[in-house]
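A closer look at the structure
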Amino acid sequence: MLKGILCCMGANFLFGIGYYFAILLRPLNGESMFGYRIFVLAPFILLAIFLFKQTGKFTELWQKIKQKPPLVFILLLLALNTGVQLWLFLWAPNHGQALEVSIGYLLLPITAVTLGKVVFKEQFTRLKWLAVFFAVIGVFSNVLLSGTFSWATLVAGLGYPIYITLRRYFGINHLASFFVELILVMPFALYFILQTDMQPILAENKWIYHFLALFGLVNGAAFILYIASSNLLPVNVLGLLGYVEPLVMLFISFAIGEVLEAKSYLLMICLTIAILLLTLDSFKQKKRVKYE
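What counts and what doesn't
- Residues numbered from 1 in each chain as written.
- Predicted model: local features only at pLDDT ≥ 70, side-chain atom pairs only at ≥ 80, totals over all residues.
- Heavy atoms only, no water.
- UniProt positions renumbered as here; feature names shortened; annotations may be inferred.
- Helix = DSSP H or I, 4+ residues; strand = E, 2+ residues; numbered from the N terminus.
- Expected span 1.5 Å × (residues − 1).
- Bend = angle between axes of the 7 residues up to and from the residue.
- Buried < 20%, exposed > 50% of the residue type's maximum accessible area, 1.4 Å probe, protein only.
- Contact = heavy atoms within 4.5 Å.
- Patch = residues over 30% accessible without salt bridge, like charges linked within 9 Å, V, L, I, M, F, W, Y side chains within 5 Å.
- Areas by Shrake-Rupley, 256 points an atom, 1.4 Å probe, with all protein chains shown as cover.
- Salt bridge = Lys/Arg side-chain N within 4 Å of Asp/Glu carboxyl O.
- Polar contact = N/O pair within 3.5 Å; in protein donor to acceptor, adjacent residues only side chain to side chain.
- Core = buried A, V, L, I, M, F, W, Y, C linked by side-chain atoms within 4.5 Å.
- Phe/Tyr/Trp six-rings, centres within 6.5 Å; stacked < 30°, edge-to-face > 60°.
- Axes fitted to C-alpha atoms, helices over the stretch in contact; angles between N-to-C directions.
- Left-handed = near helix turned anticlockwise from the far one by under 90°.
- Nonpolar A, V, L, I, M, F, W, Y, C, P; charged D, E, K, R; others polar.

**Points about the UniProt feature "transmembrane region" (unreviewed entry) in the protein chain**
Sites flagged by UniProt as "transmembrane region" (unreviewed entry) map to residues 5–22, 34–52, 72–90, 102–120, 178–195, 207–228, 235–256 and 262–280. Along residues 262–280 one finds 84% helix and 0% strand; the C-alpha atoms at either end are 28 Å apart.

**Some details on helix H9 (residues 175–194)**
Over its 20 residues, H9 runs 28 Å from end to end, which matches the ideal 28 Å to within 8%, given 1.5 Å per residue. The largest bend in H9 is about 45°, located at Met186, with the proline Pro187 one to four residues further on. For H9, the complete set of buried residues consists of Leu175, Ala176, Ser177, Phe178, Phe179, Glu181, Leu182, Val185, Met186, Ala189 and Ile193.

**What to know about unusual backbone geometry**
Cis geometry is found at the peptide bond from Arg26 to Pro27, where omega equals 10°. Residue position: Pro27 is located in the loop between helix H2 (21–24) and helix H3 (30–51).

**Describing the side chain of Ser32**
Structurally, Ser32 is set in helix H3. Every residue in contact with Ser32, bar those within four places of it in the chain, is listed here: Phe192 and Thr196.

**A few points about a nonpolar patch on the surface**
A cluster of nonpolar residues, Val72, Phe73, Leu76 and Leu184, forms a patch on the protein surface that exposes about 360 Å² of accessible area. Counting residues per element, the nonpolar patch draws most heavily on helix H5 (residues 71–91), which supplies three residues. Along the chain, Phe73 falls in helix H5.

**A look at the pattern of salt bridges**
Taken as a whole, this structure holds two salt bridges when the rule is applied. Salt-bridge contacts for Lys57 lead to Glu60; the nearest nitrogen and oxygen are separated by 3.6 Å. Residue Lys57 and its partner Glu60 are located together in helix H4 (residues 56–67), separated by three residues, close to a single helical turn. Classification of Lys57 by relative accessible area gives partly exposed; the value is 30%.

**Side note on the environment of Leu86**
As for its placement among the helices and strands, Leu86 is situated in helix H5. Along the chain, Leu86 and Arg37 lie 49 residues apart, while their C-alpha atoms are 7.9 Å from each other.

**Considerations on the environment of Pro200**
Structurally, Pro200 can be placed in helix H10 (residues 198–204). Spatially, the C-alpha atoms of Pro200 and Leu28 are 9.9 Å apart, while their sequence positions differ by 172 residues.

**Some remarks on H3**
The α-helix winds at 3.6 residues per turn, so residues separated by three or four positions along the chain end up facing the same way. Over its 22 residues, H3 runs 31 Å from end to end, which matches the ideal 32 Å to within 8%, given 1.5 Å per residue. The axis of H3 is deflected most strongly, by about 25°, at Leu41, and proline Pro43 appears within four residues downstream. The N-terminus of H3 is capped by Asn29, whose side-chain oxygen sits 3.2 Å from the backbone nitrogen of Glu31. Of the residues flanking the end of H3, it is Lys53, one or two places downstream, whose phi is positive at about 55°.

**Section: the environment of Leu24**
Note on placement: Leu24 falls in helix H2. Residue class for Leu24 comes out partly exposed when judged on its relative accessible area of 23%. Each C-alpha atom of the pair Leu24 and Asn205 lies 8.8 Å from the other, and the pair is 181 residues apart in sequence. Those residues within four positions of Leu24 in sequence are excluded, and the remaining contacts are Asn205 and Phe211.

**Remarks on the nonpolar core**
Counting 57 residues, the largest nonpolar core has Ile45 and Val101 as its most contacted members. The greatest single-element share of this core, amounting to eleven residues, is contributed by H5. The residues touching Val101, leaving out its near neighbours within four places in the chain, are Tyr19, Leu88, Ala92, Ala152, Ala156 and Met249. In terms of nonpolar packing, the next biggest core, distinct from the first, is built from 22 residues, Ile110, Val132, Phe149 and Leu278 among them.

**Points about the packing of aromatic side chains**
For any pair of aromatic rings, the description rests on two quantities: the centre-to-centre distance and the angle between the ring planes. All chains considered together, the criterion is met by ten aromatic pairs. Seen from their ring centres, Phe34 and Phe192 are 6.1 Å apart, and the 70° between their planes marks the pair as edge-to-face. Note that Phe34 is positioned in helix H3 and Phe192 in helix H9, a separation of 158 residues in sequence. The buried category is assigned to Phe34, whose relative accessible area is 4%. Between the aromatic rings of Phe133 and Phe134, the centroid separation amounts to 5.7 Å while the plane-to-plane angle is 75°, which identifies the pairing as edge-to-face.

**A few points about the packing of H5 against helix H8 (residues 151–169)**
For the pair H5 and H8, the least separation of the axes is 10 Å and the interaxial angle reads 145°. Judged by the twist between their axes, the crossing of H5 over H8 is left-handed. Along the contact surface, H5 presents Leu77, Leu78, Asn81, Thr82, Val84, Gln85, Leu86, Trp87, Leu88 and Trp91, while H8 presents Trp151, Ala152, Val155, Ala156, Gly159, Tyr160, Tyr163, Leu166 and Arg167. Within the contact of H5 with H8, the residues separate by chemical class into 14 nonpolar, four polar and one charged.

Below is the structure:
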């Protein structure tokens, strides 16, 4: 258990630290950062597939596509979401949206729980209902106070839960399908890389290639540690430790100078209460299973 917890915390910490690379990779723009990220991440994902002996998943995925050809369109949709999410992660800190994306990641587990109820008919406890209630109150209060709700928060908070739900529903929730998504996104990544003139970038940031290599290493290590932890920990513990990433992202958002506006205080309070309720519910579920 301890080994799994350490792996999971390390993975989520590295995912959160990856947020700061948007600063280290300046003056690259968000699109160029996205392009390079795809190419430095893909080899590490392929390495993880071999390390965890998941190469057979490629054959399994191909068989599913042959049986259900429309699955190709689902993969294209998943690749689109992957591309948008990986781009947003690096674009946000350089465009005053780091805090909004961090809030989206805090909203993510609430959205995931709700989709689990709607799509997979998962059991809802009172605590989960309360968690969703507080999350809804927080979102609506933010809309009323500000007159809008950040699109970056919506993309981060809704994108991944929908993404995971589709992968689970179609039985393709594994690293092999993620690698295929990266391959599908690569033409766009290559386009953005080719549009980038690296000479002025190097003149301003001579360490840019070192940071890119380090970024790939950090991302790859995070994925490998996360896969390792998923094989060592119960799902509920894995989910709870997942809060490390958005908390690190919040800290980085504040560290680079972003400030939480007063109109977002109620949203943050409601999301904090919702997360605490989900945490309490997970511990109660774990305790109940232990004594059954």
